[in-house]
Amino acid sequence: DQQVKQNSPSLSVQEGRISILNCDYTNSMFDYFLWYKKYPAEGPTFLISISSIKDKNEDGRFTVFLNKSAKHLSLHIVPSQPGDSAVYFCAASAPNSGYALNFGKGTSLLVTP
Amino acid sequence: NAGVMQNPRHLVRRRGQEARLRCSPMKGHSHVYWYRQLPEEGLKFMVYLQKENIIDESGMPKERFSAEFPKEGPSILRIQQVVRGDSAAYFCASSPGGTGGRSYNEQFFGPGTRLTVL
């Protein structure tokens with residue numbers, strides 16, 4: 001039962017342009033959302049998070065948008081850089097879930113020069 | 001390096017053997033989580049522990065898998081009588097825990113242990 005869905009397995013973007021990674025969720029109890037970045041043979045690295053009381057959070061080149069009514073969030077990277085090429089995981093947690101993170105299957109981003 | 005440490009990085013076992021995976025959390029972190037990633041899948045939560053306590057093991061298979069986080073030493077994920085379906089990457093994460101905000105949700109991950117069962 002996949003409660004967090006990333007429907008695009010891959011995305012290719014030119015350097016300098018905007019990358020938009022999407023994530024949908026089904027559990028209305030989720031109230032905290034995170035994005036992780038993962039390189040091959042490494043563990044996920046925390047990027048940015050957002051609480052359900054907000055609809056936007058920004059950190060440098062990374063911005064996360066949350067649309068609670070649509071149960072949708074997105075990660076914007078602008079400008080995209082070749083070093084951003086990695087797999088990006090969306091994750092969510094609920095206050096009654098024992099702190100477990102529910103992950104999507106990931107989107108592989110390729111930023112080309 | 002104050003990051004989450006996992007060892008071994010790669011582990012090969014034959015069917016029926018035992019696998020022991022170790023995780024040392026970041027300094028100052030008292031909460032440990034184990035996740036499993038099967039090929040082409042996202043990470044799946046297995047278990048959440050604090051020192052000497054299992055807080056949530058809802059994602060742990062009921063048989064052959066166990067986890068501990070002793071007062072001293074690393075957290076251990078133990079898989080008995082491994083089968084081929086146990087082949088996966090196992091990630092450990094840690095967080096500071098405590099009160100005051102959702103910092104406990106910002107889990108910091110180790111590099112993972114890749115288990116191969118022959």
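Structural notes, computed from the coordinates. (Residues numbered from 1 in each chain as written. Chains lettered and ligands numbered in written order. Predicted model: local features only at pLDDT ≥ 70, side-chain atom pairs only at ≥ 80, totals over all residues. Heavy atoms only, no water.)

### Some thoughts on the sheet that holds strand S7 (residues 62–67) of chain A
Residues and elements named next belong to chain A.
- If you trace the 5 strands from one edge of the open sheet to the other, you get S1-S3-S8-S7-S6, paired in antiparallel fashion. Each of the sheet's edge strands pairs with one partner strand only, and the pair in question is strand S1 (4–5) and strand S6 (56–59).
- The pairing of S6 with S7 spans 4 bridges and is antiparallel. When the sheet's bridge partners are listed, Lys 56 is paired in S7 with Phe 65. (Pairing = 2+ DSSP bridges. Helix = DSSP H or I, 4+ residues; strand = E, 2+ residues; numbered from the N terminus.)

### Observations concerning the pattern of salt bridges
Residues and elements named next belong to chain B.
- Per the stated rule, a full pass over the model turns up 5 salt bridges over all chains.
- Glu 18 is the salt-bridge partner of Arg 20, the closest N and O atoms lying 2.8 Å from each other.
- The exposure class assigned to Glu 18 is partly exposed, which follows from its relative accessible area of 29%.
- Between Arg 64 and Asp 86 there is a salt bridge; the shortest N-O distance is 2.7 Å. With Arg 64 in the loop between strand S6 (53–56) and strand S7 (65–68) and Asp 86 in the loop between strand S8 (75–79) and strand S9 (88–95), this residue pair connects regions lying 22 residues apart in the sequence.
- Its relative accessible area of 3% is what places Asp 86 among the buried residues.
- Here the salt bridges share partners, and the residues they tie into one network are Glu 18, Arg 20 and Arg 78. (Salt bridge = Lys/Arg side-chain N within 4 Å of Asp/Glu carboxyl O. Buried < 20%, exposed > 50% of the residue type's maximum accessible area, 1.4 Å probe, protein only.)

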